[in-house]
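The residues making up each chain are set out below.
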Amino acid sequence: MPNYLGEFEQLVMLALLHLGRDGYGITVRRELEERAGRSVSLGTVYKTLLRLEAKGYVGSTVGDPTPERGGRRKKLYFVTVPGRQALARSLAALKGMSRGLDPALTIQ
Amino acid sequence: MNAARWLGWLLPRAEREFVLGDLDELYGGGNRLRYALDLLRSAAILHAAQRRAAHRVSMQPAPFSKRGRFMSTLLTDLRYAFRTLARNPSFSFLALLTLVIGIGATTAIYSVVVPVLFQPLPYPGAERIVAIGERNDDGSEGNVGYLTFRDIEQTTTSFEAVAATSSWQPTLQGQSEPERLTGQRVTRGFFSVFGVRPAVGRDFTAEENVRGQHRVAILSHGLWVRRFGGDPSVIGKPVSMDGIQYIVVGVMPHGFQNLMSPQSEIWAPLGYEASLSWACRTCRHLRSVARIKEGTPLSQARQELSVVFGRIKAENTNDYAAGSGMVINPMQKRVTAAVRPALLVLLGAVGFVLLIACANVSGLLLGRAMQREGEFAIRGALGAGRWRVARQLLTESVLLSVIGAAGGVLVAWWAVRAIVAYGPPSLPRLQAIGINWGVLAFTAGLAVVAGIAFGLVPAVAAARPDLFSALRPGGRLTGQRSRRAARAGLVVIEMALALMLLAGAGLLMRSLHKLLAVDPGFDANHLLTMEVQTTGSRYGEDAPVRAFFDQAREAVLAVPGVVQAGWTSQLPLGGNFDGYGIQIEGRVLANPEDAPGADRYAVSPGYLEAMGIPLKRGRIIAREDATSAPPVVLINEAFAKLSWPGEDPIGKRIQMGGPDTPWRAIVGIVGDVRHTGLDAEISPQVYVPAVQWPWADGSMVLAARTTGNPEALLASVRGAIRGIDRDLPIIGAATMDEVIAQTATQRRFAFLVFQLFALVALLLAAAGVYGVLAGSVAERTREIGIRSALGASRSGVLRMVLSQGLRLTAAGMVLGGIGALLLSRFLEGMLFGVGTRDPVTLIGVAAVLVVTGLLACLAPALRAVRVSPLEALRGE
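Per chain, residue numbering runs from 1 following the sequence as it is written. All chains are assigned letters beginning at A, and all ligands numbers beginning at 1, according to the order in which they are written. Given that the model is predicted, a residue must reach a pLDDT of at least 70 before its local features are reported, and side-chain atom pairs must reach 80 or more before they are shown or counted; all residues, however, enter totals for whole chains, interfaces and linings. Just so you know, side-chain values use all the structure's heavy atoms and leave hydrogens and water out.

J.: Can you walk me through the overall build of chain A in this structure?
T.: Per the convention used, a helix needs a DSSP run of H or I reaching at least four residues, while a strand needs a run of E reaching at least two, with both numbered from the N terminus. Assigned secondary structure in chain A consists of four helices and two strands. The order of α-helices and β-strands along chain A, N terminus first, is α-α-α-β-β-α. Whether a residue is buried, partly exposed or exposed follows from its accessible area with a 1.4 Å probe, protein chains only, as a fraction of its type maximum: under 20%, in between, or over 50%, in that order. Expressed as a percentage of the 108 residues in chain A, the buried residues total 44%. Contact criterion: two residues are considered in contact whenever any of their non-hydrogen atoms come within 4.5 Å of each other. Here the contacts in chain A between residues at least 6 apart in sequence split such that 48% fall between residues at least 24 apart. A total accessible area of about 6,100 Å² is found for chain A, and carbon and sulfur atoms account for 55% of it. Per-residue and other accessible areas were derived by the Shrake-Rupley procedure at a 1.4 Å probe size, with only the shown protein chains allowed to occlude residues.

J.: Mind showing me how you'd approach the overall build of chain B here?
T.: Looking only at helices and strands, chain B features 26 helices and 23 strands. Put simply, chain B has 876 residues, and 50% of those count as buried. Here the analysis covers contacts within chain B between residues at least 6 apart in sequence; of these, 81% occur between residues at least 24 apart. Per element, the accessible surface of chain B, about 39,800 Å² overall, is 60% carbon and sulfur.

J.: Would you mind going over the layout of surface pockets with me for this structure?
T.: Unoccupied space between atoms shows up once a probe the size of one water molecule is rolled over them. Residue and element names in this part refer to chain B. The computed volume of the second largest pocket comes to approximately 2,200 Å³. If you go around the second largest pocket, you meet 43 residues; those closest to its centre are Trp6, Leu7, Leu40, Val402 and Val448. Per-class residue counts for the lining of the second largest pocket are 35 nonpolar, four polar and four charged. Method remark: on a 1 Å grid restricted to protein atoms, a set of points is classed as a cavity if a 1.4 Å probe fits but cannot get out and as a pocket if it is open with protein on both sides within 12 Å along at least five of seven lines; lining residues have an atom within 4 Å of a point. Grid points are joined across faces, edges and corners, and a volume is the space filled by probe spheres set on the points. When residues are grouped by polarity, Ala, Val, Leu, Ile, Met, Phe, Trp, Tyr, Cys and Pro land in nonpolar, Asp, Glu, Lys and Arg in charged, and all others, Gly among them, in polar.

J.: Help me understand the packing of aromatic side chains, please; the structure alone is not making it clear to me.
T.: Centre-to-centre distance and the angle between the planes together describe a pair of aromatic rings. Residue and element names in this part refer to chain B. Pairing of aromatic rings covers Phe, Tyr and Trp, the last through its six-membered ring, and needs centres within 6.5 Å; plane angles under 30 degrees mean stacked, over 60 mean edge-to-face, and all others mean tilted. Per the stated rule, a full pass over the model turns up 22 aromatic pairs over all chains. When the ring of Phe191 is compared with that of Phe256, the centres are 6.0 Å apart and the planes differ by 55 degrees; the resulting orientation is tilted. Note that Phe191 is positioned in helix H7 (residues 190-194) and Phe256 in the loop between strand S9 (244-251) and strand S10 (266-269), a separation of 65 residues in sequence. Exposure class is identical for Phe191 and Phe256. Each is buried. On the basis of an interplanar angle of 75 degrees and a centroid distance of 6.0 Å, the ring pair of Tyr539 and Phe548 is categorised as edge-to-face. Note on Tyr539: relative accessible area 9%, which makes it buried. The rings of Tyr123, Phe190, Phe191, Phe194, Phe204, Phe256 and Trp267 are connected pair by pair, giving a single aromatic cluster. Here Arg185 stacks its cationic end above the ring of Trp168, 4.5 Å away from the centre of that ring. Between Arg600 and the ring centre of Trp693, over which it is positioned, the NZ or CZ distance is 4.5 Å. When the NZ atom of lysine or the CZ atom of arginine is within 6 Å of a ring's centre and also within 35 degrees of its normal, the charge is said to sit over that ring.

J.: Is there a simple way to think about the nonpolar core in this case?
T.: The nonpolar side chains of a soluble globular protein tend to be buried with one another. All names here are of chain B. Residues Leu501, Phe522, Ile613, Tyr687, Phe754 and Phe757 are the most contacted members of the largest nonpolar core, which totals 100 residues. Sort the elements by how many residues they give to this core and helix H22 (residues 745-779) lands first, with 17 residues. Excluding anything up to four places from it in sequence, Leu501 contacts Ala349, Phe352, Val353, Ile356, Phe754, Phe757, Ala758 and Ala761. Residues belong to a common nonpolar core when they are buried Ala, Val, Leu, Ile, Met, Phe, Trp, Tyr or Cys residues joined through side-chain atoms within 4.5 Å.

J.: What exactly am I supposed to notice about a nonpolar patch on the surface here?
T.: Residues and elements named next belong to chain A. Residues enter patches when their relative accessible area tops 30% and they take part in no salt bridge; the joining distance is 9 Å for like charges and 5 Å for the nonpolar side chains Val, Leu, Ile, Met, Phe, Trp and Tyr. By definition here, a salt bridge exists when the distance from a side-chain nitrogen of Lys or Arg to a carboxyl oxygen of Asp or Glu is within 4 Å. A cluster of nonpolar side chains, contributed by Leu14, Leu17, Leu91, Leu94 and Ile107, occupies part of the molecular surface with about 360 Å² of accessible area. Counting only elements with at least two residues in the nonpolar patch, the list comes to helix H1 (7-19) and helix H4 (81-98). Here Leu14 is to be found in helix H1. With a relative accessible area of 30%, Leu14 lands in the partly exposed category.

J.: How do you make sense of the interface of chain A and chain B when you look at a structure like this?
T.: Reports often express the size of an interface as the amount of accessible area lost when the parts come together. Between chain A and chain B, the residue contacts involve 21 residues of the former and 19 residues of the latter. Taken together, the two surfaces of chain A and chain B that pack against each other cover about 2,100 Å², and 59% of this comes from carbon and sulfur. Joining chain A to chain B, the criterion identifies five salt bridges. Between Glu25 of chain B and Arg69 of chain A there is a salt bridge, with its nearest N and O atoms 2.7 Å apart. Any pair of N or O atoms that falls within 3.5 Å is considered a polar contact. Within protein, one atom must be able to donate a hydrogen and the other to accept it, and sequence-neighbouring residues count only if both atoms are side-chain atoms. In this structure, the connection of chain A to chain B is made through eight residue pairs in polar contact (both at pLDDT 80 or more). Every element with two or more residues in the side of chain A that touches chain B is listed here: helix H2 (25-36), helix H3 (42-55) and strand S2 (75-79) of chain A. Looking at the side of chain A that touches chain B, the element that brings in the most residues is H3 of chain A, giving seven residues. Taken together, the residues of the side of chain A that touches chain B sort by class into eight nonpolar, five polar and eight charged. A simple way to read buried area is as the amount of 1.4 Å-probe accessible surface that goes missing from two parts once joined, with both sides added.

J.: Just to check I follow, could you spell out the confidence of the model for chain B for this structure?
T.: The predicted structure's coordinates, where accompanied by low pLDDT, should not be read in detail. For every residue, the predictor assigns a confidence score, pLDDT, that lies between 0 and 100. On average, chain B scores 84 in pLDDT, and the residues at 70 or more come to 92%. Reported for the predicted complex are a pTM of 0.69 and an ipTM of 0.86.

J.: Explain the packing of helix H24 (residues 794-823) of chain B against helix H25 (residues 839-865) of chain B here, please?
T.: Two numbers describe a pair of packed helices, the interaxial angle and the distance between the axes. All names here are of chain B. To get an axis, a line is fitted to the C-alpha atoms, and for a helix only the part in contact is used. The angle between two axes follows their N-to-C directions and goes from 0 to 180 degrees. Packing of H24 against H25 brings their axes to within 8 Å, and their N-to-C directions diverge by 150 degrees. By the angle between their axes, H24 is roughly antiparallel relative to H25. Note that H24 runs across H25; the crossing there is right-handed. Between H24 and H25, the residues in contact are Arg794, Val797, Leu798, Val801, Leu802, Gly805, Leu806, Thr809, Met813, Ala820 and Leu821 and Leu842, Ala846, Leu849, Val850, Gly853, Leu854, Cys857, Pro860, Ala861, Ala864 and Val865, respectively. A class-by-class count of the residues in the contact of H24 with H25 yields 18 nonpolar, three polar and one charged. When an angle is under 35 degrees it counts as roughly parallel; over 145 it counts as roughly antiparallel; between 65 and 115 it counts as roughly perpendicular; any other value is oblique. Each crossing is labelled by how the near helix is turned from the far one, with a counterclockwise turn of less than a right angle marking it left-handed and a clockwise turn marking it right-handed.

J.: Looking at this structure, how should I read unusual backbone geometry?
T.: What is expected of a backbone is that most residues other than glycine have negative phi and most peptide bonds are trans. Residue and element names in this part refer to chain B. Here His526, not a glycine, exhibits a phi torsion of approximately 55 degrees, which is positive. Here Leu573, not a glycine, exhibits a phi torsion of approximately 65 degrees, which is positive. The topology assignment puts Leu573 in the loop between strand S14 (562-568) and strand S15 (579-584).

J.: Honestly, the environment of Gly785 of chain B in this entry has me stumped. Any pointers?
T.: Secondary-structure assignment places Gly785 of chain B in helix H23 (residues 781-789). The contacts of Gly785 of chain B, once residues within four sequence positions are left out, are Val867, Pro869 and Ala872 of chain B.

J.: Explain H25 of chain B here, please?
T.: The periodicity of an α-helix, 3.6 residues per turn, causes residues three or four positions apart to be oriented the same way. Residues and elements named next belong to chain B. One fewer than the residue count of a helix, multiplied by 1.5 Å, yields its expected span. With 27 residues, H25 should reach 39 Å at 1.5 Å per residue; the first-to-last C-alpha distance of 37 Å fits that figure. Bend, in this description, refers to the angle at a residue between axes fitted to the seven residues ending there and the seven starting there. At Leu858, H25 shows its largest kink, close to 35 degrees, and the proline Pro860 lies no more than four residues downstream. Turning to H25, its buried residues number three or more, namely Thr841, Val845, Ala846, Leu849, Thr852, Gly853, Ala856, Cys857, Pro860, Ala861, Ala864 and Val865.

J.: What's the story with the side chain of Asn636 of chain B in this structure? I'm lost.
T.: Residue and element names in this part refer to chain B. For Asn636, the location among the structural elements is in strand S18 (residues 632-636). Judged by relative accessible area, Asn636 falls into the buried class, the value being 0%. A polar contact of 3.0 Å, which involves the side chain of Asn636, links it to the backbone oxygen of Ser683.

J.: Sorry if this is basic, but what is going on with the pattern of salt bridges here?
T.: Two side chains of opposite charge can pair, provided their charged atoms sit close to one another. Throughout the structure, instances matching the rule amount to 29 salt bridges over all chains. Notably, a salt bridge pairs Asp22 of chain B with Arg69 of chain A, separated by 2.7 Å at the nearest N-O pair. Here Asp22 of chain B, found in helix H2 (residues 13-27), pairs with Arg69 of chain A, found in the loop between strand S1 (58-62) and S2, and the two come from separate chains. Of the two residues, Asp22 of chain B and Arg69 of chain A, neither departs from the other in class, the shared state being buried. Put simply, Glu208 of chain B and Arg202 of chain B hold a salt bridge, and the shortest N to O gap is 2.6 Å. Residue Glu208 of chain B is classed as buried on the basis of its relative accessible area, which comes to 9%. Each of Glu9, Arg51 and Lys55 of chain A takes part in a single network of salt bridges with overlapping partners.

Quick look at the structure:
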């Protein structure tokens, strides 16, 4: 089953990598907004995380409850080894395809 | 965040905790709307994603979870409903307009009635605040004398604080125009009763409650800002009122209001002591309020009060009438007592409007369901269950009502502003009225309930399509009979409800007319009135006060266009009164408290003539009745009849007030005037020459009769008075017609609202009749064509359609008539001079209904007449 990553999936995985051990719904959304200028709904983020989890590219653990969450726990996501490989493949493909085009379209 | 806990149920269970946690973290307790929207969107997306994810793993189409199916179906139905509404803009517009009116009116009235009647008063522990007083004849709490109050304050233990108040109208003097304020003189516990402390400065102290040290004042926040620029340094400074220096000691917080005297802006200590002549037990002019101790039930406080009062009465038998007692009532009840029946009736009336709106939309939906029969049949043929189709229709109707509710809230927002701006000033707690979360929640609930209510009939009807005949070409004739009957039934209900509202409006209108037609006992045309108050050190003695009013009268009489003028201490219908106990010579009462009471008017020469109060017997007050002349009085006919039945009262003598006051001879009998209201009983009335009264009334009301429009003379009359003393406040200048209109504002308001509701109801019902007939004519085009082809006359066709419409109207009329007869008794308290089953009103409104029904039939009937047999049959 050759699995390619959609553009938004790539962004979400990159956000998780930036976030390290603190990747969950809100922080992922915030990263997307701050780094990529993308403003999306929480639901969209959840949907993508669930899909990536079903593909085996991200895994999840359950964090500690905090008072500002009304005593509820977080579902923390992290990028798995196959996920990291798939992301690397996708980015390499992008890089390869963009090589030799005008500088504005070339990924360094 | 209770709604969230409930909405959270929509999320897939596996993700619920995490998503709710995220939402809490994101919005805290803040933006509830965004919270709910995000939650709903997440729920829908996650259900779909879960299903897809499961599908991917098993390679089988995964079934939805129960909750997931609910969400997914809801989204599909909503999308479909939006498209359907957008495809039929004229239908959607009509249905939405109806709902906006129905829900808007209901929301507006709800947001007025609930805060006024049910919201706790804006004081801490408000439920423990009570009004107490000696029992009036009608069971309400009356005033108390100072000594009675003092005994109660000292001997009862059920209360945390007890206070007595008297009304006070000081004139504030200073750099700017003199201004007459409304205020209260209060005893020490007054602010403790309300549980509110001054925001700036301090409360009155115990010492300031003592006579001689009571020249201190506390300002309302509004007065402080208006007259003192909100300057905190006003504390400790003197202000001059009625020529006396008061020291400002405090300012009440913004929004503090004594709801039993909402206009009060300034408070000073009462400063009574037992030796004062006006502090006696029978000098009942104080109003009393109290705060019950925490944990003490009202019944216990009532019990104690009754025991204490019994003891007071036993010790002072001559000061209390035999049947007297004390009453104690929660302040909330007291504040809203006067308006409660009217507001509840309005709430009921608006409920009718909403029902009519629902019936109307229900009828519209039914009509459209007939057109969509083919669509439902196809869905059924493709395997959609009945419930599935019904659910689609319910989703559509709830969507309609939710959009309608959004528009309704806008309408309500405007309406509430209008009510606050133009509502009767007697409506208490106007400032508590507004659109708030409670109202919005009410409207949201209303929208869902209404949507289901008006969607249910069409949904159930559509759930049983006859697949065979519905899909046959040209054969949409079966299965519609029950639906048409349902639609006709709805119209009959609408007509019935409209008739009931019309009957209510009619009864109120007749009451208003009858009330305003009541003879007040004087000639209100061409009368100008205004109150002038003598104030300041110049008027410390009686002589200058009397001289001022004398000179002012001469000056007013000199104004061209004024034919007669006079002063009175009390103006009929002016909102105040001045009662005295009357002793009659030769009739010794064991207890002077059992003496009849009468309204006192201290009048100048010219007053009775200016008012046009007729002299019935004897003579009128003349210039000869001077201070030194033998004291005389005039009495009204009602007093003559009450106390001298079958006798001639002229020449008899009476005392006004206590036994040490002079005997006054009755020299004339004049006509009765309505004093407290056009709808009030006529009280015994006594006129005394102002100059013969032991003291001069500092505040008098002018009555000036004019030849032309009294309003045109207002400025010159005012100028004439100012010419004598330009520093005195002139209050409430108005024509007598305006004064009379003022007494009917509450009735007029109720009538206007009812009239509006009845009009809306009538329009909606007419639209319902029109809809049914238009639909029926359209359906029967072919039948009508065949009939005309076979020789039916135009008038025959016309009669056929009209009689169908009139049958509906007649059925509605009968049903509504019965309803009106049953329900009109709730209006009883608001009626005047008409019975609740007034036949004139009922016949009148029935006629209105019939005419409206006929008009609604007219367009469909004419369309039916114009059906050409050729075209009708060519359609085949």
